[in-house]
2 protein chains.
Amino acid sequence: MTDASTRPERRPTRQRAALSDELAGTAEFRSAQDIHASLSASGTRVGLATVYRNLQAMAADGEVDVIRTTEGESVYRACASEQHHHHVVCRGCGLTVEVTGDAVERWAEAVARDHGFSHVRHTLEIDGLCAACAVRDPR
Amino acid sequence: MTDASTRPERRPTRQRAALSDELAGTAEFRSAQDIHASLSASGTRVGLATVYRNLQAMAADGEVDVIRTTEGESVYRACASEQHHHHVVCRGCGLTVEVTGDAVERWAEAVARDHGFSHVRHTLEIDGLCAACAVRDPR
DNA sequence: TTATGTGCAAAGGGTTTGCACTCCG
DNA sequence: CGGAGTGCAAACCCTTTGCACATAA
């Protein structure tokens, strides 16, 4: 586990700052490419590789959450909660709400142990159509 | 949803059969590349593209389950249960056990609805170290 | 000064696709 | 015979990496 007190301090750079600002500005999960394009569009020149490298670092430090989309893209988001939580994401607009589910955590842990597993981890993501999108396209 | 009764029938081919056999022979999630290599090794010539195409088709028909690994690979497995279920996978040896969790399903559905979401779906995977692997390497 | 961070472009790795050929029905 | 299925190789796409240059400490 990456511990804040042990973590080697990282040098503050213009690029890193721009990245943080960009992330602070949106509430949806976004891809590295998307973020990079956004920065470029707003005149902030940052190498794509730098975006990837920093995003990974920030993820490792728990500054941002990462999700692997079904299409195989990693999308990032600065989350409100520092603690372990899950997300309900709108398939239509990307609206994201954070939720915690102790019951689920315990269930996963228990089920795994029942089968002789230890060092249990889990991933859980929920997606659907938010109220607004459901009205717009009531599939 | 792909309905068996509506699904356009697929032509039986040597390749498809080989693929099914291969899948029937293992209990772990395997990548398309891995499966392809296995077939080649056993003398069964099948194009890699064909493996990918069939695996996708089978997944769409619910004949096999797919999981996206953290490394961005899709891994496939012929499951015992036809119904919706989740997996507990051993990080050490790949041992996989299928589990159902009605409580979790209901929780996800409820949480999403509480936030105004509809057409809810979810993905949940659990991983850990199986008893055997825990002994071998008690991390 | 000097190690860390950045940029660029090339390389990687898994997956998809175009197109001509095969083979089931 | 006609079209679904296949093989091969090229194309794709996201991501990572090597290396020379820039920069915070």
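Residues numbered from 1 in each chain as written. Chains lettered and ligands numbered in written order. Predicted model: local features only at pLDDT ≥ 70, side-chain atom pairs only at ≥ 80, totals over all residues. Heavy atoms only, no water.

## Points about the confidence of the model for chain A
Put simply, the test is: A residue's pLDDT is simply how confident the predictor is in it, with values from 0 to 100. Counting from the N terminus, the helices are the DSSP runs of H or I reaching at least four residues and the strands are the DSSP runs of E reaching at least two.
With 94% of its residues at a pLDDT of 70 or more, chain A shows a mean pLDDT of 92. At the low end of the mean pLDDT range in chain A sits helix α5 (residues 131-136) of chain A, at 93; at the high end sits strand β1 (residues 30-31) of chain A, at 98.

## Some words on the domain arrangement of chain A
Residue and element names in this part refer to chain A. As a reminder, the rule being used: For the domain bounds, the source is a domain assignment made automatically or taken from a database. When two parts are put together, the accessible area they lose, computed with a 1.4 Å probe and summed over both, is reported as buried area. Any Lys or Arg side-chain nitrogen found within 4 Å of a carboxyl oxygen on Asp or Glu counts as a salt bridge. Two N or O atoms form a polar contact when they lie within 3.5 Å of each other; inside protein one atom must be a possible hydrogen donor and the other a possible acceptor, and for residues adjacent in sequence the pair counts only when both atoms belong to side chains. Classification convention: Asp, Glu, Lys, Arg as charged; Ala, Val, Leu, Ile, Met, Phe, Trp, Tyr, Cys, Pro as nonpolar; all other residues, Gly among them, as polar.
Its domain assignment divides chain A into domain 1 (1-80) and domain 2 (81-139). Centre-to-centre, using C-alpha coordinates, domain 1 lies 22 Å away from domain 2. Summing both sides of the interface, domain 1 and domain 2 together bury roughly 690 Å²; the carbon and sulfur share of this comes to 49%. On the domain 1 side of the interface with domain 2, the three residues burying the most area are E28, I67 and A80, jointly 46% of the side's total. Counting across the interface, domain 1 meets domain 2 through one salt bridge. The partner of R77 in a salt bridge is E98, with the nearest N and O atoms 2.7 Å apart. Across the domain 1-domain 2 interface, the total number found is five residue pairs in polar contact (both at pLDDT 80 or more). Looking at side-chain class alone, the side of domain 1 that touches domain 2 contains five nonpolar, no polar and three charged residues.

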